[in-house]
Amino acid sequence: MAQAQMLLGLEQTYAQKLLQIAEEKTKCKIWTRNKYNDIVNLMTKEPSKEDKTPAYYYLLTKYEILQCGDIQKIIRKRSSSDDDIKYYACLEDMYNIVYKIHIATGHGGRDKMIKEANRKYANVSTEAVELFKELCEECPLKKRKIASKGLVVKPIVSKEFNSRGQMDLVDMQSLSFDDFKYIMVYQDHMTKFVVLRPLKSKRAAEVAMQILDIFLLFGAPNILQSDNGAEFTASIISQLKDLWPECKIVHGKPRHPQSQGSVERANADIKDMTITWMRDNGVKDWPVGIKFVQFQKIQSYHSGIKRTPYKAMFGVEAKVGLTTSSLPDEIISLLNTEDDLKDITNTGFRDNEEGMDINDINIPIDSDDITCIVCQKPASNAHSCSNCTSTVHVICGKANGEEGYGTSVLCFLCTNEQEIQTERTNATMCTEKQAERMINRSNKVLEEADIGCNVLIPIPHVDRGKGDTKNIMAIVHQKTEKGYRLATKHGILLGSYTRTQFEVADSLFLVPSDVCTENFISLRRAVKSDSICEGQGFLKCGCCGKNRCETNRCACRKAGQECNSRCHPNLVCKNK
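The model shown is predicted, which means the values in this text are computed figures rather than measured ones.

Definitions and cut-offs
Residues numbered from 1 in each chain as written. Predicted model: local features only at pLDDT ≥ 70, side-chain atom pairs only at ≥ 80, totals over all residues. Heavy atoms only, no water. Helix = DSSP H or I, 4+ residues; strand = E, 2+ residues; numbered from the N terminus. Expected span 1.5 Å × (residues − 1). Buried < 20%, exposed > 50% of the residue type's maximum accessible area, 1.4 Å probe, protein only. Phe/Tyr/Trp six-rings, centres within 6.5 Å; stacked < 30°, edge-to-face > 60°. Lys NZ or Arg CZ within 6 Å of the ring centre and 35° of its normal. Pairing = 2+ DSSP bridges. Contact = heavy atoms within 4.5 Å. Axes fitted to C-alpha atoms, helices over the stretch in contact; angles between N-to-C directions. pLDDT = per-residue confidence, 0-100.

Asker: Looking at this model, I keep getting lost on helix H4 (residues 91-104). Mind explaining?
Answerer: Helical periodicity: at 3.6 residues per turn, an α-helix aligns residues three or four positions apart in one direction. A rise of 1.5 Å per residue sets the reference length of H4, with its 14 residues, at 20 Å; its end C-alpha atoms lie 21 Å apart and thus fit the reference within 8%. Those residues of H4 that sit buried are Leu-91, Met-94, Tyr-95, Ile-97, Val-98, Ile-101 and His-102.

Asker: Teacher, can you tell me more about the packing of aromatic side chains here?
Answerer: Geometry of an aromatic ring pair is reported as the spacing of the ring centres plus the angle between the planes. Under the counting rule described, the total for this entry stands at 16 aromatic pairs. Aromatic pair Tyr-14 and Phe-132: ring centres 6.1 Å apart, planes at 80°, arrangement edge-to-face. Taken as a pair, Tyr-14 in helix H1 (residues 2-24) and Phe-132 in helix H6 (residues 126-135) lie far apart in primary sequence, 118 residues in all. This pair shows no difference in class: Tyr-14 is buried, exactly as Phe-132 is. Geometrically, the ring pair formed by Tyr-95 and Phe-132 is tilted, given 5.4 Å between the ring centres and 55° between the ring planes. Of this pair, Tyr-95 sits in helix H4 while Phe-132 is found in helix H6, placing the two residues 37 residues apart along the sequence. Tyr-95 sits in the buried class, given a relative accessible area of 8%. Phe-132 sits in the buried class, given a relative accessible area of 4%. Through a chain of ring-to-ring contacts, three or more aromatic side chains come together here, namely Tyr-14, Tyr-95, Tyr-99 and Phe-132. The ring of Phe-180 carries Lys-200 above its face, with NZ or CZ at 5.4 Å from the centroid. Directly above the aromatic system of Phe-161 lies the positively charged group of Arg-424, at a separation of 4.5 Å from the ring centroid.

Asker: What is the right way to read the sheet that holds strand E13 (residues 520-521) from this model?
Answerer: What links the strands of a sheet is backbone hydrogen bonding, and the strands pair in either a parallel or an antiparallel sense. In space, the 6 strands of this open sheet follow the order E12-E8-E9-E10-E11-E13, with mixed pairing throughout. The open sheet is flanked by strand E12 (503-504) and E13, the only strands paired with a single partner. Here strand E10 (residues 484-488) runs beside strand E11 (residues 491-493); their pairing, made up of 2 bridges, is antiparallel. Residue pairing across strands places Thr-488 opposite Gly-491, the latter belonging to E11. Across the sheet, helix H16 (residues 523-530) touches strand E8 (454-458), strand E9 (471-479), E10, E11 and E13, and the angle it forms with E9 is around 130°.

Asker: Mind showing me how you'd approach the sheet that holds strand E3 (residues 164-171) here?
Answerer: Spatially, E5-E4-E3-E6-E7 is the arrangement adopted by the 5 strands of the open sheet, whose pairing is mixed. Each end of this open sheet is capped by a strand with a single partner; those strands are strand E5 (194-199) and strand E7 (250-251). Contacting E3, strand E4 (182-188), E5 and strand E6 (223-226), helix H8 (residues 204-218) runs over the sheet at an angle of about 150° to E5. Of the strands in this sheet, E4 and E5 are in contact with helix H11 (residues 286-298), which crosses E5 at around 175°.

Asker: In this structure, what is going on with the confidence of the model for the protein chain? I would like to understand it.
Answerer: Any residue range with low pLDDT should be treated as having predicted coordinates unsuitable for detailed reading. Averaged over the protein chain, the pLDDT score is 77; the fraction of residues at 70 or greater is 78%. Summarising per-element confidence for the protein chain, the mean pLDDT is lowest in H1 (72) and highest in E5 (93). Contacts for the low-pLDDT stretch residues 348-370, under 50 throughout, to residues beyond four places or in other chains number 51 contacts. Segment residues 393-407: pLDDT under 50, and 30 contacts once partners within four positions in sequence are set aside and those in other chains are kept.

Asker: Looking at this structure, I do not really get the environment of Lys-29. What am I missing?
Answerer: Assignment of secondary structure puts Lys-29 in the loop between H1 and helix H2 (33-44). When the C-alpha atoms of Lys-29 and Cys-90 are compared, they prove to be 9.0 Å apart, with 61 residues separating the residues in sequence. Among residues more than four places away in sequence, those in contact with Lys-29 are Tyr-58, Tyr-63, Tyr-88 and Asn-123.

And the structure:
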């Protein structure tokens, strides 16, 4: 009940602030429900002389009404019925719409949410997205710590799919579930398409089996790269050679910052999205959660290639049932059977991505009753593809050489292949432009924090568990010559903090009455008090020399855990 009231309060706050923004900006097309209904009534009824004002004719030039059963929706004016349908949402529905988009993108950033919203809606503005992110309490908690100053090295740009495959392991030992302790991340460097697999160990044999499963699906890359060291990558390639003798792969440079930064950034996003998925669903089963995270990752807009990894891979956007069609959400919630879908599609809706009538999915390709839309021949008399010479089983157009038609006819597979190649070429061009921008990027100048403002403190790895957030929320309690004294819900943090050790939050999530100022508390204890997974579970050993982590003198072996990348530089460790 308390959570429902809090969500209702957030929705009201969001609506009030968004209405204020809409009133300040005359070009912001966000109407209240009453105003929305007035526009619908004005455009659907027979107008009187008093109604025929310049504003009325302006509405006719910018919008149109789409009838779907008993529901009427305002959509953007289309030049033809083949154009995509973009809905206008009213103020009262905006919060739920942006919330669904935010969850679908895995608590994604502004650009990802705007790209997702623009697929179906015409008035989900940047202000609406940024306002929602300010009110989302999970987003600041998973925000990364302040980046250090300096120029970024130029990354390597791959110009061909499967030319370079990058892999990395995410250590989840402190949050193991059903004996799974690691997440294997494999990414194609060019398309940014990622595949996630849960692992019970990081031994080369187990990793090689998972890599083999991916390679037999997509093909093996020329270069397999990992930042876990040349020995680790070479062991995996050796295992693959035994399982797949005709496959030849070389390994890339270990810890090569010019090309490994892409998968490292993907790792950070995957960690954040996995933790957020666990917190949103209230479960610890991350081996199942990473399946949803993988789909969220590949169908979300990537700022580097300027498209989704799914589209760069397959040439089309990912579909999620009818939710990615042109049908409004109110209609989709009422559909239960195929007959219901047929009744709705008779109103003339068209698919948002392909420009194809939804009714076409029920048309048999060999029907003599269906004719080509250009040459008027029966569809059974299909044309031949000019590329692969196969029969074109679609309502296509006149074949090459026929009167009135001068271009070639391509089958669906050749057309799709052409579209995929175009998307990948454009993705490569965008990656090259991103590389140029990264070289010239500079960090923002830090500003002084005032008493009472909310701040985000990055939590070191040794002070938090895998299921905990990257930051903890606090307020500035006091300013001294030595630095800032920060207070959390559980007490004042020990020691003083400099300005470079925290970041000012965009909104006030905490007020002075929410924090405890009666006692002092360490950062690790504050994190544990806020944790859903019993806090810090990180273990590290410093074994070296003859021991090789083979005895219980090794802290990791004694605790039944395998050594991780932060333990020691000894490559002959027997506990990996």
